[in-house]
Amino acid sequence: MGLVDGKNALVFGVANNRSIAWGITEALHREGARIGLSYAIPQLEKRVFPLAESIGCTFVERADVNNDEELDAVFAKAGEAFGRLDILVHAVAYAEREDLAGNYINTSRQGFITALETSAYSLVALAKRAAPLMTSGGSIITLSYFGAEKVMPRYNVMAVAKAALECSVRYLASDLGPQKIRVNAISAGAIKTLAASGIAGFRLMLKYSEEATPLGRNVTQEDVGNTALWLCSDLSSAVTGETIYVDAGYNILGLHLTNEQRQAFLEPEE
Ligand code: NAD
């Protein structure tokens, strides 16, 4: 018996096999969920269709999360295909490349709107359409990052979008609680994906965080997928409105040290 046997899941955000959404999809599929996928643009079809096929998923629909008509169409089709929806995965974010380099103060008005609309409002747009299909309650999850809380180099406008996203999670959890729909975010540690490669200096971030985390490693798609699985399953039945860290402990630290610096601390002072 799988942890999500008999549940229907609609997943937004698979771009390729490195996507966090794909890690989540694999975990949900492994534990018995029926999967539907929605992807952003036709150019992704050559990657998304074979992935869908590999798990026997036949519901694969394109939608721009900023387009209301396209979202209406996807959820109408999901209603026809699944009848009831139990799980919604929102693993979508976008900001202009120039807004993920340099200083936050240079963010353009349009860059700010684009990042906030695509990365934060889209959760509201998806939740509003998913909720009527969640007739037996449900679980909605999204992906955030620690940059929402503390300044991370170059994360800039995406950090502001993630702060809005985490706050949206709390308000959506309050709105949808009476319908037994839970809404949570996973704040994931850095993982090398297509979206992450848009952040200037991301490779250095990976290197530094690997050395600093209490677990001494970066996180994987599987780490995030398994926590997502828990949030989507009945095991987390009283958890809602939360941001859960899957970051190998990075967020608990006050002082981030490399191995060399840690060693220096352990040596007796002269
Ligand atoms: P990814 O590039 O694989 O996924 C991002 C997805 O967003 C892509 O599938 C892309 O097509 C989709 N998208 C962008 N604009 C869209 C639009 N207008 N309509 C529909 N879809 C759109 O990268 P990822 O790292 O797996 O990102 C997934 C989520 O995880 C994002 O919210 C990201 O901010 C978050 N996250 C990533 C990391 C990391 O280090 N990779 C860490 C914490 C949180």
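Refer to the structure printed above.
Just so it is clear, the structure is predicted and the values come from calculations on it, not from any experiment.

Caption draft 1: How the structure looks around the pairing of strand E1 (residues 8–12). Among the five residues that make up E1, five are buried, leaving the element largely enclosed by the rest of the structure. The alternating pattern of E1 places Asn-8, Leu-10 and Phe-12 and Ala-9 and Val-11 on opposite faces, both of which are buried. Pairing analysis gives five bridges linking E1 to strand E2 (residues 34–39), with the strands arranged parallel. The residue bridging Leu-10 from the neighbouring strand is Gly-36, located in E2. Alignment of E1 against strand E4 (residues 87–90), held across four bridges, turns out to be parallel. Within the sheet, the bridge partner assigned to Val-11 lies in E4 and is Val-89.

Caption draft 2: Quick peek at the sheet that holds strand E6 (residues 181–188). The strand order across the open sheet built from seven strands is E3-E2-E1-E4-E5-E6-E7, with neighbouring strands paired in parallel fashion. For this open sheet the edge positions go to strand E3 (59–62) and strand E7 (243–246), each flanked by a neighbour on one side alone. Sheet twist, expressed as the average angle between the axes of neighbouring strands with direction ignored, equals 20°. With four bridges connecting them, E2 and E3 associate as parallel partners. Opposite Gly-36, over in E3, you have Phe-59 as the bridge partner. Each of E4, strand E5 (138–144), E6 and E7 touches helix H7 (residues 221–232); the most contacted strand, E6, lies at about 165° to it.

Caption draft 3: The arrangement of unusual backbone geometry in detail. With phi around 70°, Arg-154 is a residue other than glycine that occupies positive phi space. For Arg-154, the location among the structural elements is in the loop between E5 and helix H5 (156–176).

Calculation rules
- Residues numbered from 1 in each chain as written.
- Predicted model: local features only at pLDDT ≥ 70, side-chain atom pairs only at ≥ 80, totals over all residues.
- Heavy atoms only, no water.
- Buried < 20%, exposed > 50% of the residue type's maximum accessible area, 1.4 Å probe, protein only.
- Helix = DSSP H or I, 4+ residues; strand = E, 2+ residues; numbered from the N terminus.
- Pairing = 2+ DSSP bridges.
- Axes fitted to C-alpha atoms, helices over the stretch in contact; angles between N-to-C directions.
- Contact = heavy atoms within 4.5 Å.

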